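Architecture at a glance
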Amino acid sequence: MRVNSPKPLWWACLALAAVVFASSAHSAPPYAGRTVHDVLQELRGRGVSFIYSTAVIPSDLKVTSEPSQTSALRLAAEVLAQHGLELLRVAPGSYAVVRNHRGAAPVVQSTPAAVPEQSIDEIVVSTSRYALTTEIAATHNLIAQQDLSMLPQLGEETLRAIHRLPGAASNGLSGLAAIRGGEPNETLILLDGMQLFEPFHLKHFFSPVSLLDSRIVADMDVYSGGFGAQYGTRISAAIDAHSIRPEAPHYYELGASLFHTNALTAQRFAGGDGQWLLSARRSNLDEIIHILESDFGEPQYFDVFTRLDYELSPSTQVSAAYLGSRDRISAHRRSRSESAVAEYRNNYGWATLDHQWSSTASARVIASFTDVTNNRRGHIDQAAALIGDVDDERTFHIAGLQVDGAFETADLAHRWGLSARQLSAMYDYSSNVRIEEGYPYPQSPARAIERAVSLSPDGQEYAAYWSTRAQLGRALTVDVGVRWDDENYTRANSETQLAPRLGAVYVLSPHQRFRISWGRFFQAQSINEAQIESDTNVFFPAQRADQFIVSYETDLAVGAQVRIEVYRKNYTRLRPRWENLFDPVVLAPELKPDRVLVDPERARAEGIELLVSKRTGAPWTWWFAYTWSQAKDVIDGREVARSWDQRHAISAGVHWTNDRWDITLADTYHSGWPTTPVRIVGFGDDASVEVGERNSVRFDDANSVDLRINRRVPVTLGEVDLFLEVANLFNERNPCCMSISATRTEGQLQINQQVDHWLGIVPSIGFLWRY
């Protein structure tokens, strides 16, 4: 019997969206005569944070004349200029209000700069309302576009910057890492509030590149755990990315490297009230394949991002955005007689309405549509051993509407949201494989497996959340929230999850902070995640993870910061997954004989992370991170290491800069990942190959040193960056997998075991012109 989900939530979302839209027709009251503090707090609701003290902006300081600017930053700069003040950018989206000591016309400094000695107190002292926006999440990192352009990143992949954070487990090739013991698919990815499903190129080939081109990303909020109730559907991590909005009336970029060719342009119109942006990127991987000596064959892909913004009034902004991609890859592994052809198409479109009701209340409405198609065909022909084919076609569509709001009172800050989605998918899958007797081991029997599955699930998803943040005294801030989710596309029942969240930060001193968070997180099997290749045509219940995190931070006198975190995640209701015991680097993994079912009863991930970093003050900045962790499944009452479990991990780097050069040297190390042993048992004709306990031994440790050198060259029109980047500078042989077979020679059974490795040294050169 099918239980219908609460369709009134659709009507609630539509009604709230209509209210916000109707309210957007009313302009905000004039700014002249209002206090500067009140104006800055109103502009803060438009995505910009201002840091200042009452010594700089007294509570009775007023706007003397009506500003002419309409964008948040320019309006704030004009208001502050009336009183000899200016804005100094201290982080993406955050600006300190400082006195204009130079006597020149006040401006917005668009790039981080050294803070004048006399302005230190003005920056570190913030208002009580700013304290309500203090980051509660214990595990939060902000990665700005400046960081992305500075860090070495194989293939210029944006998300690879996250691999250098504590708790990330990466093979060095995939775009997405496993965070704190979770599976890679446990990470939520948002762009300007829009959830992106499968936002990767070459998805069945380790997804090495995401659709988040580093040139369109202004910054990313990265949560490795303990995130608030506004983030749902994933249980390990959340990446909240924001696209760039150049302040200049006209902006252009053109770049090329061994990996990509890219272009970007942005223009303002309607007196600065509107802006359009267009970015396009094409892969050059088909040209670099020969350098990598890879079996990837001929991968081709491109992506495009466009956005249109318009400010209807000082309190209302609308935008429309599109992100799309097309892929085609013809891959061959001649050494193992494997081939595959795949085509992918991703389309994401969304429209956003932001409205500021008052200086303490705001709302956002997002209407979205997702259309993704994946087609894959594979063939294996190992004479006298294995022959098989796979044909996999799947597509899914998601139409969504979400409404988010925020409002504040004297000592409380509230956030709430509702969302509804209509989902549908189509699966058409077939495969057949015949494994001959004696393969891969002499005692192996002959097997023939055929699968044919067609599936067309459809249904709805609903979600709602509420969180309240309270400042209890001068030192303690707490955040209490709850999230409700419901899915009904299983056609069997409607499953509801209720997820409470709790976080707190205690300021021990101006330089010391203590954070603690606990939360329950659920991850339903998405409509595009049916495991039909494993002959499974049902959707499993939502997985659950209870997380507990304790964090301590302190600022050192030398300008460095130390952060220590302890975390634990307890997983229950895990759905089964399939893995290849020895070799995950195959084109059709479901056809291989080492494919096994992993069906844990529960799992546990825990660790201790240390991060020491100095990210301010030229010319040198650096970081050092160490993580001790373990991630284990419990299967039949026994603990088994997860395949990405790494006991020790280190990430370190140093960056030097001046007005023309940026040089970064970074290193990542982790202890060996688990694998499965094989051995010979018995003697003579009775000897056979025995597969040992899964993941009971480990590969050798892995290490990679990466280098990036960037030279800025002024030209007549703008500036050109020339860069050299080398991944795995010392060509370390980092193990990835094994190929195993057994043969009899003169009556003696022998095991042939060969360890394969991830990519060796990978150089890249390129340029980026900006104007």
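**Concerning the overall build of the protein chain**
A tally of helices and strands in the protein chain yields seven helices and 45 strands. The burial tally for the protein chain puts 55% of its 771 residues in the buried class. When contacts within the protein chain are restricted to residue pairs at least 6 apart in sequence, those whose partners lie at least 24 apart make up 65%. For the protein chain, the accessible surface area stands at approximately 32,300 Å², while carbon and sulfur atoms represent 57% of it.

**Some words on the packing of aromatic side chains**
Across all of its chains, the model carries eleven aromatic pairs by this definition. Look at Phe-227 and Phe-521: their rings are 4.9 Å apart centre to centre, the planes differ by 65°, and that puts the pair in the edge-to-face class. With Phe-227 in the loop between β12 (217-225) and β13 (237-243) and Phe-521 in strand β27 (residues 512-523), this pair connects stretches of sequence that are 294 residues apart. The same class applies to Phe-227 and to Phe-521, which are both buried. Each ring, one from Trp-769 and one from Tyr-771, has its centre 6.1 Å from the other, and the planes form 10°; the classification is stacked.

**Examining the side chain of Arg-421**
Checked against the element boundaries, Arg-421 lands in strand β22 (residues 412-435). Judged by its relative accessible area of 16%, Arg-421 is buried. Within the local environment of Arg-421, its side chain forms a polar contact with the side chain of Gln-195, the two groups lying 2.7 Å apart.

**Digging into the pairing of strand β42 (residues 719-727)**
Here strand β41 (residues 702-714) runs beside β42; their pairing, made up of eight bridges, is antiparallel. Note that in β42 the partner of Ile-709 across the bridge is Leu-724. The antiparallel pairing of β41 with β42 creates a hairpin that spans four residues between the two strands, and Gly-718 there sits at a positive phi of about 90°. When β42 meets strand β45 (residues 762-770), the two strands line up antiparallel, connected through nine bridges. Paired with Phe-723 across the two strands is Gly-766, which belongs to β45.

**Here's the deal with unusual backbone geometry**
Across residues other than glycine, the phi torsion is negative in most instances, and most of the peptide bonds are trans. Of note, the bond from Tyr-439 into Pro-440 is cis; its omega dihedral lies within 30 degrees of zero at 5°. Along the chain, the position of Pro-440 falls in the loop between β22 and β23 (447-455). For Arg-180, which is not a glycine, the phi torsion comes out positive at approximately 50°. Checked against the element boundaries, Arg-180 lands in the loop between β7 (178-179) and β8 (187-191).

**Here's the deal with the pattern of salt bridges**
Tallied over the entire structure, the rule returns 45 salt bridges. Arg-215 serves as the salt-bridge partner of Glu-253, at 2.7 Å between the closest nitrogen and oxygen. Separated by 38 residues along the polypeptide, Glu-253 in strand β14 (residues 250-257) and Arg-215 in the loop between β11 (209-210) and β12 bring together distant segments of the chain. Glu-253 gets classed as buried once you look at its relative accessible area, which sits at 4%.

**Concerning the state of the cysteines**
In total, this model carries one disulfide according to the counting rule given. For Cys-736, the disulfide goes to Cys-737, at an S-S distance of 2.4 Å. Summarising the burial analysis for this pair, Cys-736 and Cys-737 share the class buried.

**Comments concerning helix α3 (residues 72-81)**
Counting buried positions along α3 gives seven out of ten residues, so the element sits mostly inside the fold. Burial in α3 covers these residues: Ala-72, Leu-73, Leu-75, Ala-76, Ala-77, Val-79 and Leu-80.

**Quick look at the side chain of Asp-546**
Here Asp-546 shows up in strand β28 (residues 543-555). The exposure class of Asp-546 is buried, given its relative accessible area of 15%. Here the side chain of Asp-546 touches Arg-520 through a polar contact of 2.8 Å, side chain to side chain. When sequence neighbours within four positions are dropped, the list of residues in contact with Asp-546 reads Gly-519, Arg-520, Arg-568, Lys-569 and Asn-570.

**Examining a nonpolar patch on the surface**
There is a patch of nonpolar side chains on the surface, built from Val-480, Leu-502, Tyr-506, Leu-508, Phe-514, Ile-516, Trp-518 and Phe-548 and spanning about 690 Å² of accessible area. Of all the secondary structure elements, the ones that give two or more residues to the nonpolar patch are β26 (495-509) and β27. In this structure, Leu-508 sits in strand β26. Using a relative accessible area of 44% as the deciding quantity, one classes Leu-508 as partly exposed.

**Here's the deal with the pairing of strand β15 (residues 260-269)**
Where burial is concerned, most of β15 is hidden: seven out of the ten residues are buried. Here seven bridges tie β14 to β15, and the two strands are oriented antiparallel to one another. Within the sheet, the bridge partner assigned to Gly-255 lies in β15 and is Asn-262. Where β15 meets strand β16 (residues 274-283), ten bridges bridge the pair, whose relative direction is antiparallel. Bridge pairing in β16 places Gln-267 opposite Trp-276. What sits between the antiparallel neighbours β15 and β16 is a turn of four residues, in which Ala-270 has the positive phi angle 55°.

**Here's the deal with the nonpolar core**
Formed by 67 residues in total, the largest nonpolar core has its most connected members in Leu-159, Ile-162, Met-220 and Trp-350. Counting residues per element, this core draws most heavily on β22, which supplies six residues. For Trp-350, the residues in contact, after removing those within four places along its chain, are Leu-191, Asp-192, Met-194, Phe-305, Ser-319, Ala-320, Ala-321, Tyr-322, Leu-323, Ile-366, Ala-367 and Ser-368. Counting residues in hydrophobic clusters, the runner-up holds 21 residues, among them Val-39, Leu-61, Leu-80 and Leu-87.

**Observations regarding the environment of Ala-406**
Following the sequence through the fold, Ala-406 ends up in strand β21 (residues 386-408). Overall, the relative accessible area of 26% leaves Ala-406 in the partly exposed class. Distance from Ala-406 to Trp-466, taken between C-alpha atoms, is 9.7 Å for residues 60 residues apart in sequence. Every residue in contact with Ala-406, bar those within four places of it in the chain, is listed here: Thr-360, Ala-361, Ser-362, His-414, Arg-415 and Trp-416.

**A few points about the environment of Leu-610**
Among the secondary structure elements, Leu-610 is positioned in strand β32 (residues 602-614). Its relative accessible area of 28% is what places Leu-610 among the partly exposed residues. Residues Leu-610 and Trp-628, 18 residues apart in the sequence, show an inter-C-alpha distance of 9.0 Å. Not counting residues up to four positions away in its chain, the partners in contact with Leu-610 are Val-562, Arg-563, Ile-564, Phe-624, Ala-625 and Tyr-626.

**A closer look at the environment of Asp-486**
By the secondary structure assignment, Asp-486 is in strand β25 (residues 476-487). Here Asp-486 falls in the buried class, since its relative accessible area comes to 2%. Remark: the alpha-carbon pair of Asp-486 and Ala-420, spanning 66 residues in sequence, is separated by 9.6 Å. Side chain to side chain, Asp-486 and Thr-496 meet in a polar contact 2.7 Å long.

**So, the confidence of the model for the protein chain**
Summary statistics for the protein chain give a mean pLDDT of 85 and a share of 86% for residues scoring 70 or more. Under a pLDDT of 50 for its full length, residues 1-5 has, in the predicted model, 17 contacts with residues more than four places off or in other chains.

Cut-offs used in this document
- Residues numbered from 1 in each chain as written.
- Predicted model: local features only at pLDDT ≥ 70, side-chain atom pairs only at ≥ 80, totals over all residues.
- Heavy atoms only, no water.
- Helix = DSSP H or I, 4+ residues; strand = E, 2+ residues; numbered from the N terminus.
- Buried < 20%, exposed > 50% of the residue type's maximum accessible area, 1.4 Å probe, protein only.
- Contact = heavy atoms within 4.5 Å.
- Areas by Shrake-Rupley, 256 points an atom, 1.4 Å probe, with all protein chains shown as cover.
- Phe/Tyr/Trp six-rings, centres within 6.5 Å; stacked < 30°, edge-to-face > 60°.
- Polar contact = N/O pair within 3.5 Å; in protein donor to acceptor, adjacent residues only side chain to side chain.
- Pairing = 2+ DSSP bridges.
- Salt bridge = Lys/Arg side-chain N within 4 Å of Asp/Glu carboxyl O.
- Disulfide = S-S within 2.5 Å.
- Patch = residues over 30% accessible without salt bridge, like charges linked within 9 Å, V, L, I, M, F, W, Y side chains within 5 Å.
- Core = buried A, V, L, I, M, F, W, Y, C linked by side-chain atoms within 4.5 Å.
- pLDDT = per-residue confidence, 0-100.

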